[in-house]
Amino acid sequence: MVKLKNISKLNSWFSDFDGPLIIAGPCSAESEEQMLQTAREIAALGKVKVFRSGIWKPRTRPGNFEGVGEQGLKWLNQVKKETGLLTTVEVANAEHAELAIKYDVDILWIGARTTSNPFSIQELADFLKGYDKPVMVKNPINPDVQLWVGALERFHKAGINKLAAVHRGFYPFEATTLRNIPKWETAIELKSICHDLPIICDPSHIAGSTEYIAEISQKALDLNLDGLIIETHYNPSVALSDMNQQVTPKQLATILDNLVYRRSSSEDVNFANILETLRNKIDSIDQQMLELLSQRMNVVEEIGNYKSKNEVTILQLRRWEKIMSTRIKLGKKLGLSEDFVKKLLQLVHKESIQRQTEVMNKINSSEKGK
Ligand code: PEP
Ligand code: MN
């Protein structure tokens, strides 16, 4: 593995930005008016350095808005000339990169779906050899930090030193409030692998809805990430993609004004990171524990149904004694005290009996009704 952390050139391009780098702009370029009007309003805030917009949109299903293509790059170039904002666009293959360079886009970004595919990354890295273009690499869809590092390495091996990572959260397998699970510990892990790599947060794609963007942005700053990329549209209600998560330039101003930039010493930051990583682990384990308990209760109900049909009593003493003795033995092996395991099992067992009673009562009363 290339030791990215030893290459100090990596963050020098970010030090010019003086404080967290704020990137804003629409999810997708839609029209000249939408691009220029949004850009004017964003530039007027005086806090945003880079204007973003997608030109080719990677869609999960075909048939959704797939981006305006090359003409969007012309609008992006007009934005740059008129407002003085730097520009960034997503590229997914060598052809996109070639066009982005032709239209003088300042920074290229790699989307989450592209990072997940080493073939595409290699194609882009081979193409970009010799160009001095900064590249921001979004995390892959799955929380695989090695795949993320691997993509950064491929660019780095191609001689690109102006690199940054973008943390946009990870695909959730269960329905969650947020569109993508942040798993902050993954971003922190990347930072610990590549000390000098700037990491910015994309609260828009983590949130999926405007209401959580401020909170996620603050969290990113508290974890000492190096910037934010926030989807902003002059009229989100007519946006052709990611409508629910785009803020207006006015809302963006409120979010940016309310952010607290904590200047912490490096020890504080390390402390916060360690604590945050550990808390994240606890959160994730608790979630899994509850999911498992819920699955257990579902099986308990199935057993209730079965027992009822076969007219078996709920409590079967021998089974319960066996559960206790095997679990206590396993608990001991895992470093859990007998007393704790007993209390936990009693609690679970009490709830299980109640569930089975409910199931059996329901079956009995429906049978009586026949
Ligand atoms: C985007 O930034 O609009 C985008 C498509 O993001 P991601 O690759 O993170 O899904
Ligand atoms: Mn988007």
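Residues numbered from 1 in each chain as written. Chains lettered and ligands numbered in written order. Predicted model: local features only at pLDDT ≥ 70, side-chain atom pairs only at ≥ 80, totals over all residues. Heavy atoms only, no water.

1. As for the overall build of the protein
Quick reminder of the rule: A run of H or I in DSSP becomes a helix once it reaches four residues, and a run of E becomes a strand once it reaches two; helices and strands are each numbered from the N terminus. The globule rule used for comparison is 2.2 Å times the number of residues to the exponent 0.38, while the radius of gyration itself is calculated over C-alpha atoms. Three exposure classes are used, based on accessible area relative to the maximum for each residue type with a 1.4 Å probe and protein chains only: buried under 20%, partly exposed in between, and exposed over 50%. We call two residues in contact whenever any of their non-hydrogen atoms come within 4.5 Å of each other. Surface accessibility in these figures is a Shrake-Rupley result with a 1.4 Å probe; residues are shielded only by whichever protein chains are displayed. Under this rule, positive means Lys or Arg and negative means Asp or Glu; His and the chain ends count for nothing. Here the site of a charge means atom NZ of a Lys, CZ of an Arg, CG of an Asp or CD of a Glu.
Regarding its fold elements, the protein presents 14 helices and eight strands. Here the C-alpha atoms of the protein give a radius of gyration of 26 Å, more than 25% beyond the 21 Å that 2.2 N^0.38 yields for 370 residues. C-alpha extents for the protein along the principal axes are approximately 80 × 50 × 40 Å. Within the protein, the proportion of its 370 residues that are buried is 46%. Partitioning the intrachain contacts of the protein with sequence separation of at least 6 by distance along the chain shows that 73% fall at a separation of at least 24. For the protein, the exposed surface amounts to about 19,600 Å²; the carbon and sulfur share of it is 52%. A gap of 7 Å separates the mean positions of the 48 positive and 46 negative side-chain charges of the protein.

2. Describing the coordination of the manganese ion (ligand 2)
The cut-off we apply is this: Only N, O and S atoms count as donors, using a 2.8 Å cut-off from the metal and 3.2 Å for Na, K and Ca, and because water is excluded some sites may appear unfinished.
Taken together, Cys-27 (SG), His-205 (NE2), Glu-231 (OE) and Asp-242 (OD) make up the full set of protein donors to the manganese ion (ligand 2), lying 2.1 to 2.4 Å away. Positions of the donor residues of the manganese ion (ligand 2), expressed as sequence spacing, correspond to C-x177-H-x25-E-x10-D. Of the two residues, Glu-231 is situated in strand E8 (residues 227-231) and Asp-242 in the loop between E8 and helix H11 (249-258); the sequence distance between them amounts to 11 residues. Both residues of the pair, Glu-231 and Asp-242, count as buried.

3. Overview of the pattern of salt bridges
The condition that has to hold: The term salt bridge refers to a side-chain nitrogen of Lys or Arg lying within 4 Å of a carboxyl oxygen of Asp or Glu.
One pass over the structure, following the stated rule, counts 17 salt bridges. Here Lys-80 ties to Asp-106 by a salt bridge, and the two come within 2.8 Å at their closest N and O atoms. Separated by 26 residues along the polypeptide, Lys-80 in helix H3 (residues 70-83) and Asp-106 in the loop between helix H4 (94-102) and strand E4 (107-110) bring together distant segments of the chain. You'll find Lys-80 and Asp-106 in the same group, each marked buried. Here Asp-202 makes a salt bridge to Lys-138, at a shortest N to O gap of 2.7 Å. Of this pair, Asp-202 sits in the loop between strand E7 (199-201) and helix H9 (203-207) while Lys-138 sits in strand E5 (residues 135-138); the two residues are 64 residues apart in sequence, bridging distant segments of the chain. Taken as a pair, Asp-202 and Lys-138 share a single burial class, namely buried. When salt bridges with common partners are traced through the structure, they connect Lys-80, Asp-104 and Asp-106 into a single cluster.

4. Structural notes on a nonpolar patch on the surface
Going by this rule: Each patch is built from residues that are more than 30% exposed by relative accessible area and take part in no salt bridge. Like charges join if they lie within 9 Å; nonpolar side chains (Val, Leu, Ile, Met, Phe, Trp, Tyr) join within 5 Å.
A cluster of nonpolar side chains, namely Leu-330, Leu-334, Leu-336, Phe-340 and Leu-344, defines an oily patch on the protein surface of about 490 Å² accessible area. For Leu-330, the location among the structural elements is in helix H13 (residues 317-333).

5. Concerning the sheet that holds E7
Short version of the rule: Should DSSP find at least two bridges between two strands, the strands are taken to pair. Orientation is described by axes fitted as lines to C-alpha atoms, over the contacting stretch for helices, and by angles from 0 to 180 degrees between their N-to-C directions.
As summarised here, the arrangement of the eight strands in space is E1-E2-E3-E4-E5-E6-E7-E8, forming a closed barrel in which the pairing is parallel. The mean inter-strand angle of the sheet, taken between neighbouring strand axes irrespective of direction, is 25 degrees.

6. Description of helix H2 (residues 32-44)
Using the following cut-off: One less than the residue count of a helix, multiplied by 1.5 Å, gives the span that helix is expected to have.
The end-to-end C-alpha distance of H2 is 18 Å, a good match for the 18 Å that 13 residues give at a rise of 1.5 Å each. Among all positions in H2, only Gln-34, Met-35, Leu-36, Thr-38, Ala-39 and Ile-42 are buried. The elements touched by buried residues of H2 are strand E1 (21-25), strand E2 (50-52), H3 and H11. Gly-46 sits one or two residues past H2 and shows a positive phi near 75 degrees.

7. Some words on the packing of aromatic side chains
The test is simple: We call Phe, Tyr and Trp rings a pair once their centres come within 6.5 Å, taking the six-membered ring for Trp, and we label the pair stacked below 30 degrees between planes, edge-to-face above 60, and tilted otherwise.
By the definition in use, this model includes four aromatic pairs. Relative to Phe-14, the ring of Trp-13 lies with its centre 4.8 Å away and its plane at 85 degrees, an arrangement referred to as edge-to-face. With 5.9 Å between their ring centres and 75 degrees between their planes, Trp-13 and Phe-17 make a pair best called edge-to-face. Since its relative accessible area comes to 7%, Trp-13 is described here as buried. The exposure class assigned to Phe-17 is buried, which follows from its relative accessible area of 7%.

8. Describing the pairing of E8
Of all five residues making up E8, five are buried, and the element is well covered by its neighbours. Sheet topology places E1 next to E8; five bridges connect them, and they run parallel. Among the inter-strand pairings, Gly-25 is bridged to a residue of E8, identified as Glu-231.

9. Quick look at the side chain of Asn-139
How we decide: Contacts described as polar in this section are N or O atom pairs within 3.5 Å, which, within protein, must combine one atom able to donate a hydrogen with one able to accept it, while residues neighboring in sequence count only if both atoms come from side chains.
Assignment of secondary structure puts Asn-139 in the loop between E5 and helix H7 (145-157). One polar contact links the side chain of Asn-139 to the main-chain amide nitrogen of Arg-168, over a distance of 2.6 Å. There is a polar contact of 2.9 Å between the side chain of Asn-139 and the backbone oxygen of Gly-169. Each residue touching Asn-139, except ones within four places of it in the same chain, is listed here: Ala-112, Thr-115, Trp-148, Val-166, His-167, Arg-168, Gly-169 and Phe-170.

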